[in-house]
Amino acid sequence: MGAGREARCAAIIGTGLIGQGWAIVFARKGWAVRLYDVNAAMLAEARSLILRQLRELETQGLLTGADAIIERVHVAASLADAVKGACYIQENSPEKVEIKRALFSELDAAAEPDAVIGSSTSSIPASQFTEHLAGRHRCLVAHPVNPPYLIPVVELCPAPWTSPQALDAATAAMTAIGQKPVLVRREIEGFILNRLQGALLHEAFRLAKEGIASAEDIDVTVKDGLGLRWSFMGPFETIDLNAPGGIADYCARYGGLYQSIGADQGECVAWDGALVEALEHERRSLLPQEDLAKRRFWRDEKLMRLMRHKQENGDNHG
């Protein structure tokens with residue numbers, strides 16, 4: 001670590017919802033946080049929006065000292081000021097390769113030599129925007145789930161040239177701030193979470209298109225069925241516990257069924273046209289457009305209660 005370096009300082013580049021979320025994640029664990037955004041208006045309001053969310057988390061019993069935490073969050077006048085002295089940098093720019101290539105060029109040139117640079121991209125492998133960099137060895141994807149201060153999983157996906165040291169440092173940083181890093185062993189579009197979510201969404205769209213069930217009944221099947229188990233265990237543990245002899249027994253019992261179902265799921269349903277219009281009509285009949293923002297706050301409050309329950313009761317083995 002360089003001379004005069006703050007032991008725990010993170011730079012957050014891009015201050016939209018994800019950037020604000022990352023700021024909360026780092027600051028609540030005692031890190032100094034510097035914010036920067038090319039959008040001056042967005043940057044100007046970021047700190048107040050972060051404080052508002054911190055106070056809501058405090059109200060829900062998920063943290064204490066919101067006013068003290070926000071004092072660790074500072075707005076930087078330039079990108080260079082934001083990354084100076086930072087040991088970790090999190091980039092949160094739009095999902096466009098050309099934007100990320102240009103921004104990572106700036107970050108690589110301005111950042112401390114041993115600072116790790118992570119990208120919040122949800123779909124683009126790091127090799128597509130870091131190959132040209134002199135410091136490409138310290139760049140990787142660190143894909144969070146929105147909002148990261150309530151959902152702790154972060155997918156770490158190195159490029160082919162990301163060094164083991166940078167990956168270890170990113171893993172250590174994510175662990176230190178209370179996130180749960182998972183390793184994507186090789187680059188793949190969408191990483192793990194979006195591919196799993198996509199598989200469920202594709203089948204949900206297919207069931208809706210074929211008139212098997214309404215959008216609401218499909219949602220109920222997940223939220224009052226599969227989702228109850230999935231809130232504290234994953235798909236492999238689920239089936240491991242759903243047969244007397246464990247996962248091998250489950251596969252022996254039901255493998256043929258799922259192979260038959262899978263053979264019927266080869267083609268993806270297009271998310272457009274009359275199907276999307278019908279789904280939009282059904283969703284808006286259940287939730288008017290003007291109530292979307294209010295419902296998002298409802299969602300976050302539910303997530304806070306679930307997170308508090310998991311913190312209080314634990315969700316690990318044993």
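Quick note: structure is the one above.
Now for a quick tour of the structure. (Residues numbered from 1 in each chain as written. Predicted model: local features only at pLDDT ≥ 70, side-chain atom pairs only at ≥ 80, totals over all residues. Heavy atoms only, no water.)

1. Examining the pattern of salt bridges
Any two side chains of opposite charge can pair, so long as their charged atoms come close to each other. Tallying each qualifying case throughout the model produces 9 salt bridges. Close ionic contact of Asp67 with Arg55 constitutes a salt bridge, the shortest N to O distance being 2.8 Å. Within this pair, whereas Asp67 is found in helix H3 (residues 66-70), its partner Arg55 is found in helix H2 (residues 40-59), the two being separated by 12 residues in sequence. Note on Arg55: relative accessible area 43%, which makes it partly exposed. For the salt bridge of Arg253 with Asp249, the shortest nitrogen-to-oxygen distance reads 2.9 Å. On the criterion of helical spacing, the pair formed by Arg253 and Asp249 is a turn pair, its members being 4 residues apart in helix H11 (residues 247-263). (Salt bridge = Lys/Arg side-chain N within 4 Å of Asp/Glu carboxyl O. Helix = DSSP H or I, 4+ residues; strand = E, 2+ residues; numbered from the N terminus. Buried < 20%, exposed > 50% of the residue type's maximum accessible area, 1.4 Å probe, protein only.)

2. Some remarks on the packing of aromatic side chains
Tallying each qualifying case throughout the model produces 7 aromatic pairs. Measuring from centroid to centroid gives 4.2 Å for Phe205 and Trp271, while their planes differ by 10°, and the two rings are stacked. With a gap of 66 residues between them, Phe205 in helix H8 (residues 193-209) and Trp271 in the loop between H11 and helix H12 (273-286) connect regions that are remote in the sequence. Through a chain of ring-to-ring contacts, the aromatic side chains of Trp22, Phe26, Trp31 and Tyr88 assemble into a single cluster. We note Arg136 situated over the ring of Trp161; from NZ or CZ to the ring centre the distance is 4.3 Å. (Phe/Tyr/Trp six-rings, centres within 6.5 Å; stacked < 30°, edge-to-face > 60°. Lys NZ or Arg CZ within 6 Å of the ring centre and 35° of its normal.)

3. Overview of the environment of Ile50
With respect to the element layout, Ile50 can be found in helix H2. Classification of Ile50 by relative accessible area gives buried; the value is 1%. Sequence separation of Ile50 and Ala66 is 16 residues, and the distance between their C-alpha atoms is 9.7 Å. Excluding residues within four positions of it along the chain, Ile50 makes contact with Gln20, Ala23, Ile24, Leu35, Ile70 and Val73. (Contact = heavy atoms within 4.5 Å.)

4. Here's the deal with the packing of H8 against helix H9 (residues 215-230)
Two elements in contact, H8 and H9, have axes whose closest approach is 12 Å; the angle formed by their N-to-C orientations is 150°. Judged by the angle between their axes, H8 and H9 are roughly antiparallel. The interaxial crossing formed by H8 with H9 has right-handed handedness. Listed contacts from H9 to Leu200, Ala204, Leu207 and Ala208 of H8 are Ile218, Val222 and Trp230. By residue class, the composition of the contact of H8 with H9 is 7 nonpolar, no polar and no charged. (Axes fitted to C-alpha atoms, helices over the stretch in contact; angles between N-to-C directions. Parallel < 35°, antiparallel > 145°, perpendicular 65-115°, else oblique. Left-handed = near helix turned anticlockwise from the far one by under 90°. Nonpolar A, V, L, I, M, F, W, Y, C, P; charged D, E, K, R; others polar.)

These results come straight from atomic positions and should not be treated as a statement about function.
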